[in-house]
2 protein chains.
Amino acid sequence: MLERVKPSAAERKRLQDVSASLLCRIENLARERGLELRAMLVGSAARGTWLAGDHDLDIFLGLDEEADLDAALELARSVSSDRREKYAEHPYVQARIDGFDVDLVPCYLVDDASHLRSAVDRTPFHNRYVGKRIPGREDEVLLLKQFLKGTGVYGSELRVGGFSGYLAELLVLCYGSFAAVIQAASLWRPGLKLDLEGQGRVEQDDPLVVVDPVDPGRNVAAALTLDKMLQFAAAARSFMAGPDIDFFFAAPLAPLSDREIEARIEERETLPLLIEFAAPDVVEDVLYPQLRKAESSIRALLERKGFSILRSDVCTYGDRAALLLEMEVWQLSRACRREGPPVWQADHVYRFLAAHPQILSGPYIKEGRVVVEEERRYASAADLLAAELPGLSLGRHLSPSIRCGYKIYMGQDLSAIRDDVYRIFLAEYYQARFRIA
Amino acid sequence: MLERVKPSAAERKRLQDVSASLLCRIENLARERGLELRAMLVGSAARGTWLAGDHDLDIFLGLDEEADLDAALELARSVSSDRREKYAEHPYVQARIDGFDVDLVPCYLVDDASHLRSAVDRTPFHNRYVGKRIPGREDEVLLLKQFLKGTGVYGSELRVGGFSGYLAELLVLCYGSFAAVIQAASLWRPGLKLDLEGQGRVEQDDPLVVVDPVDPGRNVAAALTLDKMLQFAAAARSFMAGPDIDFFFAAPLAPLSDREIEARIEERETLPLLIEFAAPDVVEDVLYPQLRKAESSIRALLERKGFSILRSDVCTYGDRAALLLEMEVWQLSRACRREGPPVWQADHVYRFLAAHPQILSGPYIKEGRVVVEEERRYASAADLLAAELPGLSLGRHLSPSIRCGYKIYMGQDLSAIRDDVYRIFLAEYYQARFRIA
């Protein structure tokens, strides 16, 4: 296993060379500009815990607390012309340099982690904490990271909601080894709290709390969702029962063919409804929460009107985004019940009946209330969506995008979209199989 | 109005003659047998509050508290050969005599209504209480009774759950006149308590409590349902807004023709499911609660499995009984979700997965639990009923009757049943219109 995940001597050398020369170049540039600045390699590359084949470098540009971050950003822009600007809590530059993806992140150099000005200022402290303690256990971290990847729970971005690299490092420090992490995780349940330095002041009731040793009020596992935590626990239990290299390297699913899409729909006899539109031009961490919020608003609309959903999911491919709703009930009777006010509220009863002039049956009384039966406005889920989707409030960037245009694909129409990323999403959606027992 | 509901002088004379000679004959029969017995005319005939055309006589055979009711029953049997035996709290005889339907009911003569041995012993007290106070207001009672009939809320039998004759009499005594009852009832809401003698000890929280003046612990309106109480209140309000003779004499609905049944089903796009079987040979007051209980068990079964019901009802016609379920959702996707135990309960997870070997999707984790998607056992409501109805516990007399054989009519098959009573039931079911505002 380790052979496949551990960087070779050549790879290590190359990373060291590239990063050393880059740090040197940046500090020279700073000196030219009269800028007091310390360039630091941080993250897994700095700690010797990067997975073979990864070509990511995190370089922080540390300034005094009085300095202006904009000057550092300006400098970062000048490092490479092959760059994009990104925005997390502060703006930073993502550049392609010598075959590496380099994040150039301005930050303040703070004396004490309790005086942070922003989240990125914390990273140098993480670097120092782990850098001091991890030597000798880098391989354990590599195994754990690859296991997290292989079981689909690696990455603290909001799209994934899984484990960050720093969290993996802390777990190894906490339990001692990859095997010990697996053994412990196989018994995890929500509400677990890990505190390496025994000084936690974390108040949240996240499913897993790992107190940040450099900032005792912060939960390192705050982005980890309940389901991803338990997916890891289940995979750990399953790995202990039958260790296998497949846990580390999951075979990727092939895109579904037209025939496979047709077969899935036929064997399930559900109705898939796919709402597709242009993905707004924002980073994933902004887009995904909005997609999830839209998903749950649309589910609520459908369920409020009497339809029922087997499962749903969201995806992006190319410049498109889509919500998939797999319907369990997508057609209702034309007649529907409308419950009115209690019979003794004469005024309300009068207004209720005036508002429902076209009655199929009724008015009658049920459990003290006036009831009429009338024609349902939308007897099919597709009609309801087509009529009410543009009016729903679906999030700051999503609403305008959907108002600009969207398309609903129903049933077999799903195969009208030929994109491979989309079809892999469909393959994963319909399989939805995880290592549980 | 009164002309139509008030018995003519000839009708009154005939009722008096028949009842006087009957009382005389019964007491002679008793004397021949050496039986100490007092025959009494009770009920509306005794109080002058029967509706024109009614030919019911209630004759009570009063015995000393030490005597044996069986002797009185034996005597009742000898009064007429055209008779049936019935059973309420005690057995009694129903006979056809000189064109009248006569109930011959043995009872004890009790000094004080607080020492009753059974419910029937109370009737002579009611007779005395009303008989003393009603003279001069018989016409008001007749109007109220006919109004209750015309608006579908007359009768305290469990099939109806409406107003008894005695309750109508007490309402007139309480409010003073028919018009005053209507005026008061138009403002009724649940929780109302009426206590003519101001000595009530009624604890129940029935929607309407009318303390029995001869037995202060009893609610005369105990059998009245919330919906029938409010149906009367709504009709009263509606009558005040626009008085009309139709309130007293509702035009009876005609049986639905085949074409009309077809049209109703088509305009509603619901699926009616009718479960039909032999009505067990028990009185209505035993049968109807069981039919209602069966209705709600079957509704619960269907809803538990994901189907949805617009409305349902029960009926009897000839020697048949039937449950009508009008489905809003009667077909579900083949795929369905099964939620298992929390992921950390390893043994339960193992057993859950072993019990669901044929998986369409999953296992995956949702909100901390293991979930699989598999084939649904019954994707249609009719299949579910056909499979599970015989196994349901549907009441003492109904279960054996249904196990002996039943038939499910779906959609247009409803017109396969040609019975007129059944088709009037369908007409009423599909109209379900009451005078509300």
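Residues numbered from 1 in each chain as written. Chains lettered and ligands numbered in written order. Predicted model: local features only at pLDDT ≥ 70, side-chain atom pairs only at ≥ 80, totals over all residues. Heavy atoms only, no water.

Some words on the sheet that holds strand β2 (residues 56-63) of chain B
For sheets, the rule is that strands pair by backbone hydrogen bonds, running either parallel or antiparallel.
All names here are of chain B.
Here is step 1: One open sheet holds the five strands; their spatial order is β1-β2-β5-β4-β3, and the pairing between them is mixed. Where the open sheet ends on each side, the last strands, each with one partner, are β1 (38-42) and β3 (83-87). This sheet shows a mean twist of 25° between the axes of neighbouring strands, independent of strand direction.
Here is step 2: Bridge count between β3 and strand β4 (residues 91-97): five bridges; the pairing is antiparallel. The residue bridging Arg-83 from the neighbouring strand is Ala-95, located in β4.
Here is step 3: Each of β2, β3, β4 and β5 (100-108) is contacted by helix α4 (residues 69-79), which is oriented at about 165° to β5, the strand it contacts most. (Pairing = 2+ DSSP bridges. Helix = DSSP H or I, 4+ residues; strand = E, 2+ residues; numbered from the N terminus. Axes fitted to C-alpha atoms, helices over the stretch in contact; angles between N-to-C directions. Contact = heavy atoms within 4.5 Å.)

Overview of helix α13 (residues 381-388) of chain B
Residue and element names in this part refer to chain B.
Here is step 1: Taken together, the buried positions of α13 are Ala-381, Ala-382, Leu-384 and Leu-385. One side of α13 carries all its buried residues, which in axial view fall inside an arc of 160°.
Here is step 2: Residues of α13 that are buried in the fold lie against β9 (271-278), α11 (284-304), β11 (320-329) and β15 (406-410). (Buried < 20%, exposed > 50% of the residue type's maximum accessible area, 1.4 Å probe, protein only. Arc of directions from axis to C-beta.)

Regarding the sheet that holds strand β10 (residues 308-317) of chain B
Residues and elements named next belong to chain B.
Here is step 1: Pairing within the open sheet is antiparallel, and its four strands lie in the order β10-β11-β9-β15. The open sheet has two edge strands with one neighbour each: β10 and β15. The sheet shows a mean angle of 15° between the axes of neighbouring strands, taken without regard to direction.
Here is step 2: Direction of pairing for β9 relative to β15: antiparallel, over a ladder of five bridges. Pairing of Phe-277 across the sheet is with Tyr-406, part of β15.
Here is step 3: Each of β9, β10 and β11 is contacted by α11, which is oriented at about 155° to β10, the strand it contacts most.

Some points on the relation of the copies chain B and chain A
One copy of the chain maps onto the second through a rotation about an axis and a displacement along it.
Here is step 1: At an RMSD of 0.1 Å, chain B and chain A line up after a rotation of 180° and a shift of 0.0 Å along the axis. In short, the pair behaves as if placed about a two-fold rotation axis. Of every C-alpha in chain B, the one belonging to Val-329 of chain B sits nearest the axis of rotation, 3.8 Å from it.
Here is step 2: Of all interface residues in chain B, 100% are interface residues in chain A too; the two copies therefore contact each other through one and the same surface. (Least-squares fit on C-alpha atoms with pLDDT ≥ 70 in both.)

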